[in-house]
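If you want the building blocks of each chain, they are given just below.
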Amino acid sequence: MILLVIEEGKQVERGDVLVTLDSSELEDDKVKQLITCNSSEAAVIQATSNFETAEIALEEYVEGTFKRDKLIMENMIFKVKEDLRKAEQELEYNERRLAKAYVTSLEVEASEYGVKKAEKDLDARETELMGLKKYTFFKTTKGLEADIKTSEARLKSEKHSHELDKDKLALI
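To keep things clear, this report deals only with the structure shown in the data block. This is a predicted model, so every value here is computed, not measured.

Procedures and definitions
- Residues numbered from 1 in each chain as written.
- Predicted model: local features only at pLDDT ≥ 70, side-chain atom pairs only at ≥ 80, totals over all residues.
- Heavy atoms only, no water.
- Helix = DSSP H or I, 4+ residues; strand = E, 2+ residues; numbered from the N terminus.
- Rg over C-alpha atoms; globule rule 2.2 N^0.38 Å.
- Contact = heavy atoms within 4.5 Å.
- Salt bridge = Lys/Arg side-chain N within 4 Å of Asp/Glu carboxyl O.
- Buried < 20%, exposed > 50% of the residue type's maximum accessible area, 1.4 Å probe, protein only.
- Expected span 1.5 Å × (residues − 1).
- Bend = angle between axes of the 7 residues up to and from the residue.
- Phe/Tyr/Trp six-rings, centres within 6.5 Å; stacked < 30°, edge-to-face > 60°.
- Patch = residues over 30% accessible without salt bridge, like charges linked within 9 Å, V, L, I, M, F, W, Y side chains within 5 Å.
- Areas by Shrake-Rupley, 256 points an atom, 1.4 Å probe, with all protein chains shown as cover.
- Lys, Arg positive; Asp, Glu negative; His and termini not counted.
- Charge placed at Lys NZ, Arg CZ, Asp CG, Glu CD.
- Axes fitted to C-alpha atoms, helices over the stretch in contact; angles between N-to-C directions.
- Parallel < 35°, antiparallel > 145°, perpendicular 65-115°, else oblique.
- Nonpolar A, V, L, I, M, F, W, Y, C, P; charged D, E, K, R; others polar.

1. Notes on the overall build of the protein chain
Helix and strand content of the protein chain: two helices and two strands. Ordering the α and β elements of the protein chain from the N terminus gives β-β-α-α. Here the C-alpha atoms of the protein chain give a radius of gyration of 38 Å, more than 25% beyond the 16 Å that 2.2 N^0.38 yields for 172 residues. Each principal axis of the C-alpha atoms in the protein chain carries an extent, and together these give about 135 × 20 × 15 Å. Within the protein chain, contacts between residues at least 6 apart in sequence are counted, and of these 72% link residues at least 24 apart.

2. Considerations on the pattern of salt bridges
Scanning the entire structure with this criterion turns up eight salt bridges. We note a salt bridge from D83 to K79, for which the minimum N-O separation is 3.0 Å. Placement of both D83 and K79 in helix α1 (residues 24-99) is noted, with a separation of four residues, approximately one turn of the helix. Here K117 makes a salt bridge to D121, at a shortest N to O gap of 2.9 Å. Taken together, the residues K117 and D121, both in helix α2 (residues 105-171) and four residues apart, mark about one turn of the helix. D121 gets classed as partly exposed once you look at its relative accessible area, which sits at 31%.

3. Some remarks on α1
Here α1 contains 76 residues, and its C-alpha end-to-end distance of 108 Å stays within 8% of the 112 Å for a straight helix at 1.5 Å per residue. A bend of about 45° at Y61 is the largest found in α1. A101 sits one or two residues past α1 and shows a positive phi near 65°.

4. What to know about the packing of aromatic side chains
For the coordinates displayed, the defined rule picks out four aromatic pairs. Where F66 meets F137, the ring centres are 4.6 Å apart and the plane angle is 55°; that geometry is what we call tilted. Of this pair, F66 sits in helix α1 while F137 sits in helix α2, and the two are 71 residues apart along the sequence. Take F66: its relative accessible area is 12%, and that puts it in the buried class. Following the ring pairs from residue to residue traces out a cluster consisting of Y61, F66, F137 and F138.

5. Observations regarding a negative patch on the surface
Residues E88, E92, E95, E109, E112 and E119 make up a contiguous surface patch of negative charge. Of all elements in the fold, only α1 and α2 reach the threshold of two or more residues within the negative patch. The residue E95 is located in helix α1 in this model. Take E95: its relative accessible area is 38%, and that puts it in the partly exposed class.

6. Considering the packing of α1 against α2
For the pair α1 and α2, the least separation of the axes is 8 Å and the interaxial angle reads 170°. Classified by the interaxial angle, the pair formed by α1 and α2 is roughly antiparallel. Of the residues in the contact of α1 with α2, the class split is 31 nonpolar, 14 polar and 28 charged.

Structural data, given as structure tokens:
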């Protein structure tokens, strides 16, 4: 829209304004694009944070959580092995006592049950540790690595969008 036009035939000098156009629509577009540009910059900041967090999460799992869980399981195996050793000693002791008729065969059976239970506990704990090392570790690290790749791709996308928004703002 034209706001002002110099009168026809009027003498003008260099630098005089001949026509004034309404720039309010362009100014509104510029403000809207500036808001879009600021929003895309915030998206880049968030995507950067998500990417860095994903990298930290992988390191935290590999160097922290996995090692802690592995140590806890190894300690449980150590305790169960000690329980098994005690149960075996108790069985031997009760077998000797049975030979001298100091205990009944029922007490020996109870000691045998204690040994079998400790053996099964040991097997369960060792299987659990094997699962952690063989499956859980790889499954978790693969998932965390995928999170890193996904967040890295999103970061690249957000940076590209932000650059396009800045270019569009420069054209207004």
